[in-house]
2 protein chains.
Amino acid sequence: MTTRRSVDFIDGGSLSPADRGFTYGDGLFETLRVREGRVPLWSHHRNRLRDSCARLHMSVPDEGRLFAEVIRLCDGFDDAVVRVTLSRGVGERGYALPASPRQTLVVAASPLSLDACAYAEGIAVRLCETRYGEQPLLAGMKHLNRLEQVLARAEWSDTFRGEGLMRDLGGDLVSATAANLFAVFEGQIVTPAVDRCGVAGVARAEVMACREVAVDAIPLSRLVVADEVFLTSAVRGILPVRAFAGRTWSPGPVARALQSHWRDIGLPLPWMEGSQS
Amino acid sequence: MTTRRSVDFIDGGSLSPADRGFTYGDGLFETLRVREGRVPLWSHHRNRLRDSCARLHMSVPDEGRLFAEVIRLCDGFDDAVVRVTLSRGVGERGYALPASPRQTLVVAASPLSLDACAYAEGIAVRLCETRYGEQPLLAGMKHLNRLEQVLARAEWSDTFRGEGLMRDLGGDLVSATAANLFAVFEGQIVTPAVDRCGVAGVARAEVMACREVAVDAIPLSRLVVADEVFLTSAVRGILPVRAFAGRTWSPGPVARALQSHWRDIGLPLPWMEGSQS
């Protein structure tokens, strides 16, 4: 069942069925790409983790120790994906915070393999019927309450190899189920806000740090007239969208430049490795 | 840490850190009161479990086997609370449903002790700043995505022995953090809808099955002019509210009649045992 998962590091021994991560989804996670022993987006992961811990009244784990554990588990992998899960730990029955919480930290690494075709040509995306609800108090965090994405992803089977776009209750696009959404209109890069729902992705943060990006609503009618559409993910990087709602695109200059940027910071995307790097 | 928890039954062995209950809150739970080897509200628990499994594309566990396990774990307890947790089981990385899911079922029993004073005199409630978000696709279910209640309950410490009332984004009251809300206005029993947020409680279902109840909005301004206010919970039964927002109430005839009903169906509340039953 866990063949792709190489090693689990659990701070606190085995996972208890009374762990609040299991009983209430009371915690957070980060999914990192580790390339040749480096985590180029670490500062963004660390910032989100700090921010989310504060919002959920949790303690930030020892960052040096966590980073060392991430690197240790990836020993032997050129390219790896690491999931770091931090829960509030074991609790008594009831929602009240434990008086003396001992948080649970799980780190799990797997080798990463990316599909070159998805980067070279782009991916198809579909529209999900499942919408994000509205909850400003939780929006932006990569917390463990992810039933919305589970239901959205359950709308298609693995034979469709693309992603699904999710809307908010008002009908505006927010993100893909596991990636953030960007569109380009006459040179202006736009991404939806994630302050009422959705996740403030680490790759989204990197794009916003190195490009001028407008945070603005993208209704369906606007997306289909975009010059470029692409998705961003800490693990998968920059994924051009090639087809949606009857419209097709070729990967555009903004996505291509960001793919080059990803290579430059140490996260090469597979189609570029032979051709350009 | 788990001193009050007597026994854990886990279908599938120990809990894996790759269990989707832990990684995504991908599952459901029920919290049952088991009194002298009986579960008087079982049919409501079963109905909600069936309904929620359908909504989350999960399989309903073998109900006869589950019921037998619940009863077995309570052997030796006159009064017990049992938490049944059903998750989608171990999964690979990513939101996609496992191709061959093997769901995880955890059943844990603890002895139950109820505070007689809360039933005789009622409890105080406070207003939570944390509001429910809006997500019709998840509303009503007792799923494992419970960060809203965790944050709401974190607003007060254990020195306040009451409950907290939560509002929706529009400001109308929805429920307490771990109980449903009812109010009585000139003989009419009213409870808020739970189709956009909140949990459709099992005790709420029992009240609605044995009384005429109007499902209607209760803004703050309406609650404070109620003739009676009470909370309902599968474990705690019927809890009169004695104080909120500067207003005080004595337990009223509707709450008293429902407490008697609870005794009649086999779930006596402690203050009544000596005095009335």
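Just so it is clear, the structure is predicted and the values come from calculations on it, not from any experiment.

So, how was this worked out
- Residues numbered from 1 in each chain as written.
- Chains lettered and ligands numbered in written order.
- Predicted model: local features only at pLDDT ≥ 70, side-chain atom pairs only at ≥ 80, totals over all residues.
- Axes fitted to C-alpha atoms, helices over the stretch in contact; angles between N-to-C directions.
- Helix = DSSP H or I, 4+ residues; strand = E, 2+ residues; numbered from the N terminus.
- Left-handed = near helix turned anticlockwise from the far one by under 90°.
- Contact = placed C-beta atoms within 7 Å.
- Nonpolar A, V, L, I, M, F, W, Y, C, P; charged D, E, K, R; others polar.
- Least-squares fit on C-alpha atoms with pLDDT ≥ 70 in both.
- pLDDT = per-residue confidence, 0-100.
- Expected span 1.5 Å × (residues − 1).
- Buried ≥ 20, exposed ≤ 12 C-beta atoms within 10 Å, placed from the backbone.
- Arc of directions from axis to C-beta.

### Digging into the packing of helix H2 (residues 42-55) of chain B against helix H6 (residues 202-210) of chain B
Residues and elements named next belong to chain B. Where H2 contacts H6, the two axes come as close as 9 Å, and the packing angle between them is 115°. Judged by the twist between their axes, the crossing of H2 over H6 is right-handed. Facing H2, whose interface residues are His 44, His 45 and Arg 48, H6 presents Val 202, Ala 205 and Glu 206. Grouping the amino acids of the contact of H2 with H6 by side-chain chemistry returns 2 nonpolar, 2 polar and 2 charged.

### As for the relation of the copies chain B and chain A
When chain B is fitted to chain A, the best match, at an RMSD of 0.0 Å, comes from turning it 180° and sliding it 0.0 Å along the axis. On this basis, the relationship between the two copies can be described by a two-fold rotation axis. Most of the interface of chain B is mirrored in chain A, where 100% of its interface residues are also at the interface.

### Regarding the confidence of the model for chain A
Residues and elements named next belong to chain A. Within chain A, residue pLDDT values average 93, and 94% of them lie at 70 or more. A low-confidence stretch, residues 1-6 (pLDDT under 50), is modelled with 10 contacts involving residues beyond four sequence positions or located in other chains. As scored by the predictor, the complex reaches a pTM of 0.95 and an ipTM of 0.95.

### Considerations on unusual backbone geometry
If you check the backbone angles, His57(A) has positive phi at about 60° while not being a glycine. Positionally, His57(A) belongs in the loop between helix H2 (42-55) and helix H3 (63-73). Positive phi is not limited to glycine here, since Glu36(B) has a value of about 50°. Turning to its location among the elements, Glu36(B) is positioned in the loop between strand E2 (27-35) and H2.

### Quick look at H2(A)
All names here are of chain A. In a regular helix each residue adds 1.5 Å, so 14 residues correspond to 20 Å; H2 covers 20 Å between its end C-alpha atoms and thus fits that length. Three or more residues of H2 are buried, namely His 44, His 45, Arg 48, Leu 49 and Ser 52. What you see down the axis of H2 is that its buried residues fit within an arc of 130°, all on one side. Structural note: H2 exposes Arg 50 and Ala 54 on the side pointing more than 90 degrees away from its buried face. Of the surrounding secondary structure, the elements contacted by the buried residues of H2 are strand E2 (27-35) and helix H6 (202-210). Following H2 by one or two positions, His 57 adopts a phi angle in the positive range, close to 60°.

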